[in-house]
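# Coordinates in review
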Amino acid sequence: APTAAMEDEGDMEFTSDQVNDVVKNAITKNLGSNPYSKDRVSHWTASIIDDTLKELAKMNKPFKYVVTCIIMQKSGAPMHTGIALLW
């Protein structure tokens, strides 16, 4: 039988499925089926990031999260990104 300590450890695990659901919900909530609008991209990205971080914080897990969001018009142009994080 699982002990309370084992159950507590499970509560502190990183669950990618939960995080994926949080991100998908934030994207759906903010973008819906809206067409691309360069004038709204800044607002959309900020809202998606804020909603995602708020929902992740509600999970009460002992993790730090870095959330980035890029919205661009589908035009066939390549996109290059890079990131470096130090704690």
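Please refer to the structure higher up on the page.
A brief structural summary.

About the thresholds
- Going along each chain's sequence as written, the residues are numbered from 1 onward.
- With the structure being a predicted model, the display of local features is reserved for residues of pLDDT at least 70 and the display and counting of side-chain atom pairs for 80 or more, all residues being used for whole-chain, interface and lining totals.
- As a rule here, side-chain values come from all non-hydrogen atoms in the structure, and water together with hydrogens is ignored.
- The secondary structure listing takes helices from DSSP runs of H or I that are at least 4 residues long and strands from runs of E that are at least 2 residues long, numbered from the N terminus.
- Only heavy atoms matter for contacts: two residues are in contact if any of them lie within 4.5 Å across the pair.
- Lines fitted to C-alpha atoms define the axes here, with helix axes fitted over just the stretch in contact, and angles between the N-to-C directions of these axes take values from 0 to 180 degrees.
- Take the far helix as your reference; a near helix turned counterclockwise from it by less than a right angle gives a left-handed crossing, and one turned clockwise gives a right-handed crossing.
- Under the grouping applied here, Gly and all other residues not named as nonpolar or charged are polar, the nonpolar ones being Ala, Val, Leu, Ile, Met, Phe, Trp, Tyr, Cys and Pro and the charged ones Asp, Glu, Lys and Arg.
- Salt bridge, as applied in this entry: a Lys or Arg side-chain nitrogen positioned within 4 Å of an Asp or Glu carboxyl oxygen.
- Each residue's exposure class comes from its accessible area (1.4 Å probe, protein chains only) as a fraction of the maximum for that residue type: buried when under 20%, exposed when over 50%, partly exposed otherwise.

Turning our eyes to something else, we now look at unusual backbone geometry. For Asn-60, which is not glycine, the phi torsion reads 55 degrees and is therefore positive. In this structure, Asn-60 sits in the segment after helix H3 (41-58).

Here the focus is the environment of Ile-49. With respect to the helices and strands, Ile-49 occurs in helix H3. Each C-alpha atom, one on Ile-49 and one on Val-67, is 6.1 Å from the other, the two residues being 18 residues apart in sequence. Those residues in contact with Ile-49 that lie beyond four places of it in its chain are Val-67, Thr-68 and Cys-69.

Turning to the packing of helix H2 (residues 16-31) against H3, a few remarks are in order. Two elements in contact, H2 and H3, have axes separated by 9 Å at closest approach and are oriented at 145 degrees. Here H2 and H3 pass one another in a crossing that is right-handed. Residues Val-19, Val-22, Val-23, Ala-26, Ile-27, Lys-29, Asn-30 and Leu-31 of H2 form the contact with H3, whose participating residues are Trp-44, Ser-47, Ile-48, Asp-51, Thr-52, Glu-55 and Leu-56. Taken together, the residues of the contact of H2 with H3 sort by class into nine nonpolar, three polar and three charged.

A few words now on the pattern of salt bridges. Tallied over the entire structure, the rule returns two salt bridges. In this structure, Lys-29 and Asp-51 form a salt bridge, with 3.2 Å as the shortest nitrogen-oxygen distance. Separated by 22 residues along the polypeptide, Lys-29 in helix H2 and Asp-51 in helix H3 bring together distant segments of the chain. On the accessibility criterion, Lys-29 (62% relative accessible area) is exposed. Given the relative accessible area of 16%, Asp-51 is considered buried. With a shortest N-O distance of 3.0 Å, Glu-55 and Lys-58 are connected by a salt bridge. Placement of the pair is Glu-55 and Lys-58 together in helix H3, with a separation of three residues, close to one helical turn.

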